[in-house]
Amino acid sequence: MGRRCWRRRALAAACLGAALLLLGAAPRALRLAFENSLSSGWLSGKRRSPLQMLYDLDQGPRSALAALAAEHRQRRDLLRRACSRHTRRQRLLGPEDLRHVLVDDAHGLLYCYVPKVACTNWKRVLLALCGRGPADPRAIPAHEAHAPGRLPSLADFGPAEINRRLRAYLAFLFVREPFERLASAYRNKLARPHGAAFQRRFGTRIVRRLRPRPRPEALARGHDVRFAEFLAYLLDPRTRRDEPFNEHWERAHALCHPCRLRYDVVGRFETLADDAAFVLGLAGAPHLRFPAPPPGAPAAARARAERLFRDVSPFYQRRLFDLYRMDFLLFNYSAPAYVRLR
């Protein structure tokens, strides 16, 4: 199952049309399709790996699932072409560069988590899959999902074991429109009362550095950081010179290195339910339901991002776009309609 085989497969227009239809279907339809069409996989005890299942879908006859696999193959191809076009010589990755890649040896999965892209729920799902938590992922508290050591990281292994898993396991990540993810990070970590720890760590630093004549309470608590101050902090050269970005606003490509590591599934926050059902089907667990966001939550998140960026000057919008440019390019996102880049 070499790279040459992946490259030989043509993407038929009929398959693409079926893929779009299936992507619009409910996750329940995907679960049923996996249960009916892949009954010879892990569900029957033959223990084919998720990577082999994906390969079989690519090589097999046309079907609804094969069409969905073709959509994901198109995303992989777009990522590979963007990497070739927009990256130059890259440094070798060290073990710490793999810290965000979580390992599920029982199911042959590698998941690179990107904060603010449903990573809490994906960690819950992996814990449920591995039997390290309740069978229902929703019953796992968020603090337990994020507890250090609950899920092994690829960085915990030696070079030979790392390379073996990279060759044999299905690797996936989920991405999100960069500005919407940035707005979500600000709201969750700096603007809400339950973000007190982040406010003390980062909010006080932002206030001290960027706010003229701050009040003593703001200096002590960092509880009232404005969005414009947060963006100015990100754009300040001193921020990344002092330490790397925090993972909640670090660029997705810097966390997951998609031009150095092979990702078989590039899921998107915008199609989260369908993409999650596809991954779980490949893992032989189509019965496991990925926790769904509250109704209307995605639309509300987009509206909040638009409101926050509405008051940001075109000059700062352009600088932010340049800062997150690689995420836009690699994962095929266009600048949001509300952004004024000229």
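Our subject is the structure that appears above.
Read on for a plain summary of the structure.

Calculation notes
- Residues numbered from 1 in each chain as written.
- Predicted model: local features only at pLDDT ≥ 70, side-chain atom pairs only at ≥ 80, totals over all residues.
- Heavy atoms only, no water.
- Helix = DSSP H or I, 4+ residues; strand = E, 2+ residues; numbered from the N terminus.
- Buried < 20%, exposed > 50% of the residue type's maximum accessible area, 1.4 Å probe, protein only.
- Contact = heavy atoms within 4.5 Å.
- Areas by Shrake-Rupley, 256 points an atom, 1.4 Å probe, with all protein chains shown as cover.
- Expected span 1.5 Å × (residues − 1).
- Disulfide = S-S within 2.5 Å.

### Description of the overall build of the chain
Move 1: For the chain, the count of helices and strands is 18 helices and four strands.
Move 2: Looking at the 342 residues of the chain, the share that counts as buried comes to 49%.
Move 3: Long-range pairs, those at least 24 residues apart, make up 71% of the contacts in the chain between residues at least 6 apart in sequence.
Move 4: Surface summary for the chain: the accessible area is close to 16800 Å², and the carbon and sulfur share equals 52%.

### As for helix 16 (residues 297-310)
Move 1: Taking 1.5 Å of rise per residue, the 14 residues of helix 16 would be expected to cover 20 Å, and the 20 Å separating its terminal C-alpha atoms lies within 8% of that figure.
Move 2: Contact partners of the buried residues in helix 16: helix 9 (178-191), helix 12 (227-235) and helix 17 (314-323).

### What about the state of the cysteines?
Note on terminology: a disulfide is the covalent bond linking the sulfur atoms of two cysteines.
Move 1: Applying the stated criterion across every chain, the model contains two disulfides.
Move 2: Cys83 shares a disulfide with Cys259; S-S distance 2.0 Å. Linking Cys83 and Cys259, the disulfide has an S-S dihedral of approximately -85 degrees and is accordingly described as left-handed. Of this pair, Cys83 sits in helix 5 (residues 64-86) while Cys259 sits in the loop between helix 14 (252-256) and strand 4 (265-268), and the two are 176 residues apart along the sequence.
Move 3: Given the relative accessible area of 22%, Cys259 is considered partly exposed.
Move 4: Through a disulfide, Cys112 is tied to Cys256; the S-S separation comes to 2.0 Å. Classification of the bridge connecting Cys112 and Cys256 rests on its S-S torsion, roughly -95 degrees, and on that basis the disulfide is left-handed. One end of the pair, Cys112, is in strand 2 (residues 109-112); the other, Cys256, is in helix 14, and 144 residues separate them in sequence.
Move 5: When its relative accessible area of 0% is taken as the criterion, Cys112 is described as buried.
Move 6: Judged by its relative accessible area of 0%, Cys256 falls in the buried class.

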